[in-house]
Amino acid sequence: MMAAMESTVEKIKVWFRFVPREGWFPQDTEGLWATGLDADTAVIENVPFLQDGVAEGDVVRFRTDADGLHWAVGRVSSAGNCTVRVVPVPSGPLGRSPQAVHQRLAVFHLGGEVMSADFPMVAFTVPADADFAGIKALLSQGQDEGWWHYEVGCATDEWWNA
């Protein structure tokens, strides 16, 4: 009888540096969980709230500094997933409810994370095989009808062409 093998996959935090956007959050770094592949590459394992140009499932290259922090230096490959961030309009029909945002987008089975109770932005990973045209249409409708504001933090040609 064979014993179950323990997973030796190491979860690490990969840090990204960026220029803070005016009128946005003052942070200039974001740490994302990742699974280390080798000494300087890892697969991103959660959706970015602030960092643009990377999505869950992407492989990034990093350098480890003297303090042991892993700093992203570039994306090696895309998983084909996209990152979309949705902020409900407090005075709109959804109020400040991230749950209502999730419910409106539930038909697409998207995984998302809520930033905080103080700022109920929902960051979604849109899988490579999702209904991009349908999601884009609903995002636009929601913005036009005052449900939310949204932005695309990372997208593929397939997203833009849908």
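Residues numbered from 1 in each chain as written. Predicted model: local features only at pLDDT ≥ 70, side-chain atom pairs only at ≥ 80, totals over all residues. Heavy atoms only, no water.

**Student:** So what's going on with unusual backbone geometry? Residues and values would help.
**Tutor:** Its identity as a non-glycine residue notwithstanding, His 109 has a phi of 55 degrees, on the positive side. Summarising the element assignment, His 109 is placed in the loop between helix H1 (98-105) and strand E7 (111-114). (Helix = DSSP H or I, 4+ residues; strand = E, 2+ residues; numbered from the N terminus.)

**Student:** How would you sum up the pairing of strand E2 (residues 29-36)? Please name residues and give values.
**Tutor:** For a regular strand, side chains alternate in direction, first toward one face of the sheet and then toward the other. Of the strand pairs in this sheet, strand E1 (residues 11-17) and E2 are connected by seven bridges, and their pairing is antiparallel. The residue of E2 that forms the bridge with Trp 15 is Gly 31. Across three bridges, E2 lies against strand E3 (residues 41-44) in antiparallel orientation. Bridging from a neighbouring strand, Gly 36 pairs with Ala 42 of E3. Linking E2 to E3, which pair antiparallel, is a turn of four residues. (Pairing = 2+ DSSP bridges.)

**Student:** Give me the sheet that holds E7: which residues, what numbers.
**Tutor:** Sheet architecture is open: four strands sit in the order E7-E8-E6-E9, paired in antiparallel fashion. Two strands lie at the open edges of the sheet, namely E7 and strand E9 (148-154), each paired on one side alone. Averaged over all pairs of adjacent strands, the angle between strand axes in this sheet comes to 20 degrees, irrespective of strand direction. As paired strands, strand E6 (residues 82-88) and strand E8 (residues 122-126) are joined by five bridges and run antiparallel to one another. Residue pairing for E8: Cys 82 is matched across the bridge by Val 126. Strands in contact with H1 are E6, E7, E8 and E9; relative to E8, the strand with the most contacts, it is inclined by about 25 degrees. Packing against the sheet, helix H2 (residues 132-144) makes contact with E6, E8 and E9, and its axis sits at approximately 140 degrees to E9. (Axes fitted to C-alpha atoms, helices over the stretch in contact; angles between N-to-C directions. Contact = heavy atoms within 4.5 Å.)

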